[in-house]
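These are the residues of each chain, in order.
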Amino acid sequence: MVFISGPPVITVVAAALDPAVAMVGSLALGVIGGVWLASQRRTEPAPSPGPAQRRLVLPPLGVVPIALACIALGGVFGAFDVGVVGWAELSERPWLAGPAFSALAGAIAVGSIITGARAWRMSPAARFIGFAGLAAAVALLLPLAEGTAPLLFVAILALGLTVSPVMVSGILVASARAPEGRVTETLAYPTAAMSLGVPIGGVIAGAALDATGPAAALITIAVSLVCATAIAAVGEALLRLRRRRRRRDR
């Protein structure tokens, strides 16, 4: 709900008052909410006894391919933010950026509910790879539709619906492959990786936007998804190869 309602509200505040007011207000809400959540004690889960502290914490091998792919997946959102803002500014309709962000967030929310509501025969890793490839194909519609706002919004909705299963599947892979006593830590790898990828995607899209225009910036979204697909596919293949070798050695 925050990601759906936040962008248009911030857009209105920035347009009616000042962009600085919108930024400071967002920062204040984030700090207040974070401190408020951290201060809760009654709802805090009790710590469970775990293994002895390790000096060097390495991610479980099974989650590494998806975590690396999630860096590229995070680049999708960084590129989307920069590309859409650039498109809105250059088309002299900056107010459209907020609704565009909400459209993507709303489609992701709907897609996530649909993904979680049905039973899948494909494994989470296979779904991650398959939907990332599908989302890459859908993302190619963005630069083609950037000349017409209604068509671009349709492409954004389609992108959100296809990206949401990728995000959900990445978390499910981490959850399924988490060693006992390391579930919380393992779940953090794909989400942290996505956060790392956001600024990378934003920088690349920003360079493309400055050099060529909004279409080039929007193309980087598809490129990020292709990278996520390739990284996950190669990583999963290497994991399968390793399992086969271990079986032969036994």
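Asks: Can you explain the overall build of the protein chain? Please cite residues and give values.
Replies: Secondary structure summary: the protein chain contains nine helices and zero strands in total. Moving toward the C terminus, one meets the helices and strands of the protein chain in the order α-α-α-α-α-α-α-α-α. The C-alpha radius of gyration of the protein chain comes to 20 Å, within 12% of the 18 Å expected for a compact globule of 250 residues. Taken along its principal axes, the extent of the C-alpha atoms in the protein chain is 65 × 45 × 35 Å. Taking all 250 residues of the protein chain together, 38% fall into the buried category. Pairs at least 24 apart in sequence give 80% of the contacts found in the protein chain among residues at least 6 apart.

Asks: Quick rundown of the side chain of T220? Include the residues and the values.
Replies: When you line up the elements, T220 lands in helix α9 (residues 214-249). Of the residues examined, T220 reaches a relative accessible area of 12% and is grouped as buried. In contact with T220, not counting residues within four places along its chain, are A79, I204, A205 and A208.

Asks: Give a description of the packing of aromatic side chains that names residues and reports values.
Replies: The geometry of an aromatic ring pair comes down to the distance between the two centres and the angle between the two planes. Under the counting rule described, the total for this entry stands at two aromatic pairs. Between W120 and F131, the ring centres sit 5.6 Å apart and the planes meet at 85°, which makes this aromatic pair edge-to-face. Within this pair, whereas W120 is found in the loop between α4 (97-117) and α5 (124-139), its partner F131 is found in helix α5, the two being separated by eleven residues in sequence.

Asks: Let's hear about the packing of helix α7 (residues 149-176) against helix α8 (residues 183-211): which residues, and what values?
Replies: Where α7 contacts α8, the two axes come as close as 8 Å, and the packing angle between them is 155°. In terms of axis orientation, α7 runs roughly antiparallel to α8. Handedness of the crossing formed by α7 with α8: right-handed. Between α7 and α8, the contacting residues are G170, I171, A174 and S175 on the first element and T186, L187, P190 and T191 on the second. Grouping the constituent residues of the contact of α7 with α8 by class yields four nonpolar, four polar and no charged.

Asks: Explain unusual backbone geometry to me, using residue names and the numbers behind them.
Replies: Residues other than glycine seldom take positive phi values, yet E92 does so here, at roughly 60°. On the secondary structure map, E92 appears in the loop between α3 (64-90) and α4. Relative accessible area serves as the criterion here: at 69%, E92 is assigned to the exposed category.

Asks: Please set out a nonpolar patch on the surface residue by residue, giving values where relevant.
Replies: A cluster of nonpolar side chains, contributed by L27, V31 and V35, occupies part of the molecular surface with about 290 Å² of accessible area. Position of L27 relative to the elements: it lies in helix α2 (residues 19-38).

Asks: Can you break down a positive patch on the surface residue by residue, with the values?
Replies: Together, R240, R242, R243, R244, R245, R246, R247, R248 and R250 line one region of the surface with positive charge. If you trace the backbone, R240 turns up in helix α9.

Asks: Account for the environment of V2, naming residues and giving values.
Replies: Examined against the element boundaries, V2 turns out to sit in helix α1 (residues 2-16). C-alpha of V2 to C-alpha of A105: the two residues are 103 residues apart in sequence and 9.1 Å apart in space.

Asks: Which residues make up the pattern of salt bridges, and what values go with them?
Replies: Overall, the coordinates contain two salt bridges when judged by the stated rule. Two residues, R177 and E236, come together in a salt bridge whose shortest N-O distance is 2.9 Å. Highlighted residues: R177 in the loop between α7 and α8 and E236 in helix α9, separated in sequence by 59 residues. Residue classification places R177 among the partly exposed positions, given a relative accessible area of 25%. The salt bridge partner of R182 is E185, with a shortest N-O separation of 2.7 Å.

Asks: Can you break down the confidence of the model for the protein chain residue by residue, with the values?
Replies: Close reading of the predicted structure is inappropriate where its pLDDT is low. Mean pLDDT for the protein chain: 89, with 97% of residues reaching 70 or above. The spread of mean pLDDT over the elements of the protein chain runs between α1, the lowest at 77, and α5, the highest at 95.

Asks: Lay out the nonpolar core in plain terms, naming residues and giving numbers.
Replies: Buried together is how nonpolar side chains tend to be arranged in soluble globular proteins. Of all hydrophobic cores here, the largest spans 47 residues; its most connected members are L73, L159, I221 and L225. Broken down by secondary-structure element, the contributors of at least two residues to this core are α3, α4, α5, α6 (141-145), α7, α8 and α9. In terms of residues, this core owes the most to one element, α3, which gives eleven residues. The contacts of I221, once residues within four sequence positions are left out, are V76, A79, F80, A139, L142 and L159.

Asks: Let's hear about α3: which residues, and what values?
Replies: The terminal C-alpha atoms of α3 lie 39 Å apart, and with 27 residues this matches the ideal 39 Å at 1.5 Å per residue to within 8%. Along α3, 19 of the 27 residues are buried, which leaves the element largely enclosed by surrounding structure. E92, located one to two residues past α3, shows a positive phi value of around 60°.

The rules we used
- Here the residue numbering is sequential within each chain, running from 1 through the sequence in written order.
- In view of the model being predicted, local features appear only for residues whose pLDDT reaches at least 70, and side-chain atom pairs are presented and counted only at 80 or more, with totals across whole chains, interfaces and linings using the full set of residues.
- Processing note: side-chain calculations cover all non-hydrogen atoms of the structure and skip hydrogens and water entirely.
- Comment: elements are numbered from the N terminus, with helices defined as DSSP H or I runs of at least four residues and strands as E runs of at least two.
- All radius of gyration figures rest on C-alpha atoms, and the globule criterion is 2.2 Å times the number of residues raised to 0.38.
- Accessible area is worked out with a 1.4 Å probe on protein chains only. A residue is then buried under 20% of its type maximum, exposed over 50%, and partly exposed in between.
- Every residue pair with non-hydrogen atoms within 4.5 Å of one another is taken to be in contact.
- Pairing of aromatic side chains requires ring centres within 6.5 Å, counting the rings of Phe and Tyr and the six-membered ring of Trp. Pairs whose planes differ by under 30 degrees are stacked, by over 60 edge-to-face, and all others tilted.
- Angles run from 0 to 180 degrees between N-to-C directions of axes, and those axes are lines fitted to C-alpha atoms, restricted for helices to the stretch in contact.
- When an angle is under 35 degrees it counts as roughly parallel; over 145 it counts as roughly antiparallel; between 65 and 115 it counts as roughly perpendicular; any other value is oblique.
- Here a crossing is called left-handed whenever its near helix is offset anticlockwise from the far helix by less than a right angle, and right-handed whenever the offset is clockwise.
- Residues are sorted three ways: Asp, Glu, Lys and Arg are charged, Ala, Val, Leu, Ile, Met, Phe, Trp, Tyr, Cys and Pro are nonpolar, and all the rest, Gly among them, are polar.
- Surface patches are defined over residues having more than 30% relative accessible area and no salt bridge, joining like charges when they lie within 9 Å and nonpolar side chains (Val, Leu, Ile, Met, Phe, Trp, Tyr) when within 5 Å.
- The Shrake-Rupley method, run with a 1.4 Å probe sphere, supplies the accessible areas, and residue values consider only the shown protein chains as cover.
- Salt bridges are defined by distance alone: a side-chain nitrogen of Lys or Arg within 4 Å of a carboxyl oxygen of Asp or Glu.
- Working convention for charge: Lys and Arg count positive, Asp and Glu count negative, and His plus the chain ends are omitted.
- In plain terms, the charge of a residue is placed at NZ if it is Lys, CZ if Arg, CG if Asp and CD if Glu.
- A residue's pLDDT is the confidence the predictor assigns to it, expressed on a 0 to 100 scale.
- Here, nonpolar core means buried Ala, Val, Leu, Ile, Met, Phe, Trp, Tyr and Cys residues that are tied together by side-chain atoms lying within 4.5 Å of each other.
- In this scheme, a helix's expected span is set at 1.5 Å multiplied by one less than its residue total.

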